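Coordinates in review
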Amino acid sequence: MNNIRKMFEKYDIIVVGGGHAGCEAAIAAGKLGGKVLLISMSLENLAFMSCNPAMGGIAKGQILREIDALGGMSGIVSDYTTIQFRMLNRSKGPAMWSPRAQIDRLEFTRKWRQIIESVENIHLWQDTVEEIKVKNDKFYSVKTKLGIEIKAHCCIITSGTFLNARIFIGKNWFESGRLGEKASKGLSESIKKYEIESEKLKTGTSVRIDGRSIDFTQLDEQKGDHNPGRFSFRNTARPKKQRSCFLTYTNPLVHEILKKGFKDSPLYQGMIKGTGPRYCPSIEDKLVKFEDRQRHQLFLEPEGWNTYEYYINGFSSSLPENIQYKALRKIKGLKNARIIKPGYGIEYDFFPPIQLNYSLESKKIENLFFAGQVNGTTGYEEAACQGLMAGINSVRKINDLQPFILKRSEAYIGVLIDDLVTKGTMEPYRMFTSRAEYRLLLRQSNADLRLTEKGYNVGFCSRTRFNVVRKKINAIDRIMEYLTNNKVEGRIIDDILEEAGSTRLKIKCSLRDLIKRPQVSIFKLYETLNDFRDFVESFDLKYTKYDVLEEAEIQIKYEGYIKKEKEMVEKIRKLEDLSLEKDFDYMNLSGLSLEARQKLQEIKPRNIGQASRISGISPADISVLLIFLKK
């Protein structure tokens, strides 16, 4: 054992857990020069998809593109392993467009392992961390199940749903962090010794079935986009072929069978104490909350290219397996369905995130960071972006640099972290476009324009990639200038306008003003007007012409709305610039309500902007703080 201990010289960063947060944290810290040890209970399951085999979706797709724009890897791995791609919400405005992909689950894990192993200063170790050690309120080392103590400057806890986790299937329960894998014992208690509070959350997953037992002729096929996109801005390949998903529904008979299992439901018999996800409820939860609904939508999602396993999205359940089986067989197309894995509920420890700084470093223990579901979030994408930020900030902490923090007006990642550390969460937190008040500025299409320079400035993005984005920005600006300065006559454009259902021209009109019309597309002008097409084709771009034209069109069509959001950002920025002292004692500040004093004392906001977003802080309380700052 002494020889094994000698193998572990002191590391810069230890990452505990190999899920989506842990993998992004390791990559970020390793690429920034940190010497990283990634400890996972199962190295064969790095970034494993415990729930549905998909990445992206509403708001989550924006997060994936932001991870990629900053230099992270989740978008690239997703592109390499996509089996179907769809851009959601195309019928709505561009603030709502969200990319989503079905993923080959096993290939996704293999690709992540390959990428991590390609970074020389990331070391892997399969073991279970059972204890952290702290000296002088600073992280010092971890101790593993094998009895090995490993020292490091910083530690990032990314344990997912494994801390003191229990799986429930009907009245049966057992300790497990994922079906077939052991729970993590000891670490949660070790952390709580240092006055860090923990709570319980509950989540779950759906039944998996044998695709050979599905009657697809009775289901509605859902194909991928005709011209599929991608997550990464780095010219990854677009899928050349795609697999379909299929749509079906529950019915009253299915509901009746499921309700018979309620007497054995751990959810309704008090066995599960943790709060479940509001926006991704189990099927039994849906039957209670939406009692009048006669049916609920289910998606059958393929698990990969070379497997017949299907995931039933919308049928998460912790009911007894025999109830799941009986109910499934009454669903259209699933009369002969065979179950491969039952659905189950899982309860686990998490650490309320108001105990963290914006850098995701603990307020109680210096150099200890938390990322992912241990902070109360749900979803691969929410976990991955936290891992990325914790990885970057752990290296910056070691090098005595200011933490890298994204504002709410700069990224969905900024919205997510601000929500967590300012408001906290007592239920699994899921990102939605509605959470972002500046969502028109935070489009999935412009994540590179917003964030790649920031990634470059922290040393995570290469100069080559930064220069590519600068070329794109320049091309967009020049196209918009061209459209402003060039006018067109009716005899050239009237037929196109009439075809589009728009009014004919009476006088010359700039191309920019034409594009402001809802019915007129920049792509139609590009196809029709030779001079404009030749101008666009003259650019030396690594991006597709489509991306550049689309961004120019969005900026023109939504110019007024974008301007208003930028003005609002500027007003809020003034509050964000008014800093509050880290160690100020709010309990002695007269004029504040008792609730305000207690919450300000607990959260210790960085500035007036953050203070104003704390639940329970009124405008009157903010006025008191502003008066205090003036004094």
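Scroll up a little and you will see the structure.
Predicted, not measured: the structure shown is a model, and the values here were computed from it.

Turning to the overall build of the protein, a few remarks are in order. Counting its secondary structure elements, the protein contains 22 helices and 21 strands. For 631 residues, the compact-globule formula gives about 25 Å, and the C-alpha radius of gyration of the protein, at 26 Å, lands near that figure. Taken along its principal axes, the extent of the C-alpha atoms in the protein is 80 × 70 × 55 Å. Split into buried and exposed, the 631 residues of the protein put 58% on the buried side. When contacts within the protein are restricted to residue pairs at least 6 apart in sequence, those whose partners lie at least 24 apart make up 72%.

Close contact between helix α12 (residues 447-457) and helix α13 (residues 463-485) brings their axes to 10 Å; oriented N to C, the two are set at 150 degrees. On the basis of the axis angle, α12 is roughly antiparallel to α13. In this structure, α12 crosses over α13, and the sense of that crossing is left-handed. Contacts between α12 and α13 involve D448, L449, T452, E453 and Y456 on the former and, on the latter, R463, R465, F466, V469, K472, I473 and I476. Among the residues making up the contact of α12 with α13, the classes are represented as six nonpolar, one polar and five charged.

Now for empty space enclosed by the protein. Tallied over the entire structure, the rule returns one cavity of 30 Å³ or more. In this structure, the largest cavity encloses a volume near 30 Å³. Forming the boundary of the largest cavity are I196, F351, P352, Q355, L356, S362, F370 and N375. For the lining of the largest cavity, the class distribution of residues is five nonpolar, three polar and no charged.

Moving on to the pairing of strand β10 (residues 166-169). The sheet contact formed by β10 and strand β18 (residues 344-350) spans three bridges and is antiparallel. Within β18, the residue paired with R166 across the bridge is E347. Sheet analysis places β10 next to strand β11 (residues 172-175), joined by four bridges and oriented antiparallel. If you follow F168 over to β11, its bridge partner there is W173. Counting the residues between successive antiparallel strands, the hairpin from β10 to β11 contains two residues, one of them, G170, with a positive phi of roughly 65 degrees.

Time to look at the pattern of salt bridges. Under the counting rule described, the total for this entry stands at 41 salt bridges. Residue D264 pairs with K171 through a salt bridge whose shortest N-O separation is 3.4 Å. Within this pair, whereas D264 is found in the loop between α7 (252-260) and α8 (283-289), its partner K171 is found in the loop between β10 and β11, the two being separated by 93 residues in sequence. Given a relative accessible area of 54%, K171 falls into the exposed group.

This next bit is on the layout of surface pockets. Roughly 1,100 Å³ of internal volume is contained in the second largest pocket. Among the secondary structure elements, those contributing two or more residues to the lining of the second largest pocket are α10 (380-398), α11 (412-423) and α20 (594-603). Partitioned by chemical class, the residues of the lining of the second largest pocket number 14 nonpolar, 11 polar and 16 charged.

Our next topic: the environment of A152. Along the chain, A152 turns up in strand β9 (residues 149-157). A C-alpha to C-alpha distance of 8.0 Å links A152 and F139, two positions 13 residues apart in sequence. Setting aside chain neighbours within four positions, we find A152 in contact with K10, Y11, D12, I13, I14, F139 and Y140.

Turning our attention to the sheet that holds strand β5 (residues 98-103). Strand pairs in the sheet, formed through backbone hydrogen bonds, run parallel or antiparallel to each other. Pairing within the open sheet is antiparallel, and its three strands lie in the order β3-β5-β4. Among the strands making up the open sheet, the edge pair consists of β3 (54-56) and β4 (82-88). Across the sheet, the axes of successive neighbouring strands diverge by a mean angle of 20 degrees, strand direction being ignored. By the bridge criterion, three bridges tie β3 to β5 in an arrangement that is antiparallel. What sits directly across from A54, in β5, is Q102.

Attention now goes to the nonpolar core. Among the nonpolar cores identified, the biggest contains 103 residues, and I132 and I157 are the most heavily contacted of them. Among the elements that make up this core, the one with the highest residue count is α10 (nine residues). Each residue touching I157, except ones within four places of it in the same chain, is listed here: V16, I132, L187, I191, L368, F369, F370, A371 and V374. By size, the runner-up hydrophobic cluster in this structure holds 29 residues, among which are C509, I515, F523 and L541.

What follows covers the packing of aromatic side chains. Taken as a whole and assessed by the stated rule, the structure comprises 14 aromatic pairs. Note on Y456 and F466: the rings are 4.6 Å apart at their centroids and 15 degrees apart in plane angle, and the pair reads as stacked. Here the residue Y456 occupies a position in helix α12, and F466 occupies one in helix α13, the gap between them amounting to 10 residues. Relative accessible area serves as the criterion here: at 10%, F466 is assigned to the buried category. Taken together, the aromatic side chains of Y482, Y526, F532, F535 and F539 make up a single cluster linked through ring pairs. In this structure, R90 is placed above the aromatic ring of W97, and the distance from its NZ or CZ to the ring centre is 4.1 Å. In this structure, R212 packs its charged tip against the face of Y308, placed 3.7 Å from the ring centre.

What counts, and where the lines are drawn
- Residues numbered from 1 in each chain as written.
- Predicted model: local features only at pLDDT ≥ 70, side-chain atom pairs only at ≥ 80, totals over all residues.
- Heavy atoms only, no water.
- Helix = DSSP H or I, 4+ residues; strand = E, 2+ residues; numbered from the N terminus.
- Rg over C-alpha atoms; globule rule 2.2 N^0.38 Å.
- Buried < 20%, exposed > 50% of the residue type's maximum accessible area, 1.4 Å probe, protein only.
- Contact = heavy atoms within 4.5 Å.
- Axes fitted to C-alpha atoms, helices over the stretch in contact; angles between N-to-C directions.
- Parallel < 35°, antiparallel > 145°, perpendicular 65-115°, else oblique.
- Left-handed = near helix turned anticlockwise from the far one by under 90°.
- Nonpolar A, V, L, I, M, F, W, Y, C, P; charged D, E, K, R; others polar.
- 1 Å grid on protein atoms, 1.4 Å probe; cavity = no way out; pocket = protein on both sides within 12 Å on 5 of 7 lines; lining within 4 Å.
- Points joined across faces, edges and corners; volume = space filled by probe spheres on them.
- Pairing = 2+ DSSP bridges.
- Salt bridge = Lys/Arg side-chain N within 4 Å of Asp/Glu carboxyl O.
- Core = buried A, V, L, I, M, F, W, Y, C linked by side-chain atoms within 4.5 Å.
- Phe/Tyr/Trp six-rings, centres within 6.5 Å; stacked < 30°, edge-to-face > 60°.
- Lys NZ or Arg CZ within 6 Å of the ring centre and 35° of its normal.

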